[in-house]
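A closer look at the structure
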Amino acid sequence: MQSIKTVMKNPAERRTISMRKYMSNALWGAKTALMNPSGDQMTGWLIVVLVVVVVGAVFMTLYQGSITTIWNSIVSKITGLLG
C-alpha cells in the first residue's frame, strides 16, 4: 500500500479513475436504466418479482408442514448442542 507522500511523488502511478468517479458512473447508469422511457425493462423486472413471490407463496403453502418439521429438527439439534 502506498502512502500519500509516495503517491504525490509518483503522479503517474495514481489511479486514472477514482473510486468516487467509478461509483458515480455506476449510479448514473442504474438511474438511466430505471428511468428508461419505454418502460420495458421496469415492466420485465416487475414481472420477475411477481413470479418469484407467487412461486414462493405456492411453495410455502404446499410444503408448510415439511418446512416446519425440518426447521424444528434443526432448532432442536442446535439447542441440544448448546446445552
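Rules of the game
Residues numbered from 1 in each chain as written. Predicted model: local features only at pLDDT ≥ 70, side-chain atom pairs only at ≥ 80, totals over all residues. Heavy atoms only, no water. Helix = DSSP H or I, 4+ residues; strand = E, 2+ residues; numbered from the N terminus. Buried < 20%, exposed > 50% of the residue type's maximum accessible area, 1.4 Å probe, protein only. Areas by Shrake-Rupley, 256 points an atom, 1.4 Å probe, with all protein chains shown as cover. Patch = residues over 30% accessible without salt bridge, like charges linked within 9 Å, V, L, I, M, F, W, Y side chains within 5 Å. Salt bridge = Lys/Arg side-chain N within 4 Å of Asp/Glu carboxyl O. Phe/Tyr/Trp six-rings, centres within 6.5 Å; stacked < 30°, edge-to-face > 60°. Expected span 1.5 Å × (residues − 1).

1. Examining the overall build of the protein chain
Counting its regular elements, the protein chain contains four helices and zero strands. In the protein chain, which comprises 83 residues, the proportion classed as buried is 0%. Summing over all exposed atoms, the protein chain offers an accessible surface of approximately 7,800 Å²; the carbon and sulfur share of this is 70%.

2. Description of a nonpolar patch on the surface
Residues Leu-50, Val-54, Val-58, Phe-59, Met-60, Leu-62 and Tyr-63 make up a contiguous nonpolar surface patch of roughly 710 Å² in combined accessible area. Tracing the chain through its elements places Val-58 in helix α3 (residues 40-62). Using a relative accessible area of 44% as the deciding quantity, one classes Val-58 as partly exposed.

3. Thoughts on the packing of aromatic side chains
For the structure shown, the criterion picks out one aromatic pair. Centroid distance Phe-59 to Tyr-63: 5.1 Å. Interplanar angle 45°. Geometry classified as tilted. Residue classification places Tyr-63 among the partly exposed positions, given a relative accessible area of 42%.

4. Some words on helix α4 (residues 64-82)
With 19 residues, α4 extends 27 Å between its outermost C-alpha atoms, agreeing within 8% with the 27 Å of an ideal straight helix rising 1.5 Å per residue. Where α4 ends, the next residue or the one after it, Gly-83, has phi of about 120°, a positive value.

All quantities given are derived from atomic positions and should not be read as evidence of function.
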